[in-house]
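Report on the structure
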Amino acid sequence: MARTTARLGALAGTLALAAGMTLTNAGPASAAPSFTFGYQSFSNGDYTIDVYNDGVLAGSVDWYADPHGVYGPGTGDTVCASDYLADGYGIEAHLNGTFRKATTAGHNSPYTDCTSGDIDENTPLTLRAYVVKGGEVAYSLGKTVYS
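Everything numeric in this text was worked out from a predicted model, so none of it was measured. (Residues numbered from 1 in each chain as written. Predicted model: local features only at pLDDT ≥ 70, side-chain atom pairs only at ≥ 80, totals over all residues. Heavy atoms only, no water.)

Among the nine residues that make up strand β3 (residues 56-64), seven are buried, leaving the element largely enclosed by the rest of the structure. As judged from the seven bridges shared by strand β2 (residues 47-53) and β3, these two strands associate in the antiparallel manner. By the bridge assignment for β3, Asp50 is matched with Ser60. Hairpin geometry of β2 and β3 is characterised by an intervening segment of two residues between the two adjacent antiparallel strands and by a positive phi of about 50° at Asp54. For β3 and strand β4 (residues 77-83), the ladder comprises six bridges, and the chain directions are antiparallel. (Buried < 20%, exposed > 50% of the residue type's maximum accessible area, 1.4 Å probe, protein only. Helix = DSSP H or I, 4+ residues; strand = E, 2+ residues; numbered from the N terminus. Pairing = 2+ DSSP bridges.)

Now the structure itself:
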């Protein structure tokens with residue numbers, strides 16, 4: 001009888017410990033943001049990748065092929081990253097990896113960063129949008145653009 005009582009006591013203690021651990025770890029769930037992307041090409045060769053944080057427009061990555069100050073900032077082929085939403089995330093525009101990069105990381109929203117310079121005409125390039133917060137959080141599909 002003493003062995004049965006001891007086993008029941010050990011079982012009750014184990015169950016109480018398991019229940020306590022379950023309750024301790026069952027805090028309120030915090031859902032991570034869901035980033036999605038929209039893609040838009042223009043007849044003049046420009047391209048925009050919109051970045052959405054839980055359905056809200058958070059920023060964009062823009063490619064301007066030879067804007068010459070008319071459609072985009074500066075001259076030459078230009079890539080821009082724009083952050084519209086003060087959500088703690090930055091937006092980066094990557095052209096062929098890090099061949100050319102613009103970033104809003106480390107700046108308060110709204111903020112836009114552009115990088116420009118001539119690239120040989122009709123060079124195919126891959127444009128991609130990244131969401132960053134200390135590192136990559138999400139990224140878009142790579143889209144082919146031309147200089």
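For the coordinates displayed, the defined rule picks out one disulfide. Disulfide pairing is shown between Cys80 and Cys114; the S-S distance is 2.0 Å. When the S-S torsion is 110°, as for the bridge of Cys80 with Cys114, the disulfide is right-handed. Here Cys80, found in strand β4, pairs with Cys114, found in strand β7 (residues 111-117); they are 34 residues apart in sequence, far enough to count as distant. Using a relative accessible area of 31% as the deciding quantity, one classes Cys114 as partly exposed. (Disulfide = S-S within 2.5 Å.)

Let's shift gears to the side chain of Thr48. Following the sequence through the fold, Thr48 ends up in strand β2. Overall, the relative accessible area of 12% leaves Thr48 in the buried class. A distance of 2.7 Å separates a polar atom in the side chain of Thr48 from a polar atom in the side chain of Asp62. Other than its neighbours up to four places away in sequence, Thr48 contacts Gly38, Tyr39, Gln40, Phe42, Ser60, Val61 and Asp62. (Polar contact = N/O pair within 3.5 Å; in protein donor to acceptor, adjacent residues only side chain to side chain. Contact = heavy atoms within 4.5 Å.)

With that out of the way, let us pick up the pattern of salt bridges. The tally for this structure, following the rule as stated, stands at one salt bridge. Between Lys101 and Glu92 there is a salt bridge, with the nearest N and O atoms lying 4.0 Å from each other. Residue Glu92 is classed as buried on the basis of its relative accessible area of 11%. (Salt bridge = Lys/Arg side-chain N within 4 Å of Asp/Glu carboxyl O.)

Spatially, the five strands line up as an open sheet ordered β1-β2-β3-β4-β7, and their pairing is antiparallel. Strand pairing shows two members of the sheet lacking a second neighbour, β1 (35-41) and β7, which therefore form its edges. Along the sheet, successive strands turn relative to each other by an average axial angle of 15°, direction set aside. Pairing analysis gives seven bridges linking β4 to β7, with the strands arranged antiparallel. Note on β7: the bridge partner recorded for Thr78 is Ser116. (Axes fitted to C-alpha atoms, helices over the stretch in contact; angles between N-to-C directions.)

This paragraph deals with the packing of aromatic side chains. Here the structure, examined in full by the defined rule, presents two aromatic pairs. Taking the centre distance of 5.0 Å and the plane angle of 75° together, the rings of Phe35 and Tyr89 count as edge-to-face. Of this pair, Phe35 sits in strand β1 while Tyr89 is found in the loop between β4 and β5 (90-95), placing the two residues 54 residues apart along the sequence. The exposure classification of Phe35 matches that of Tyr89, with both residues buried. Aromatic side chains Tyr130 and Tyr139 sit 5.7 Å apart centroid to centroid with 35° between the ring planes, which places their arrangement in the tilted category. Among the residues examined, Tyr130 registers a relative accessible area of 12% and is labelled buried. Over the ring of Tyr89 we find Lys133; its NZ or CZ atom is 4.6 Å from the centre of that ring. If you follow Lys143 out to its NZ or CZ, it ends over the ring of Tyr39, 4.7 Å from the centre. (Phe/Tyr/Trp six-rings, centres within 6.5 Å; stacked < 30°, edge-to-face > 60°. Lys NZ or Arg CZ within 6 Å of the ring centre and 35° of its normal.)

Nothing here speaks to function; it is all geometry.
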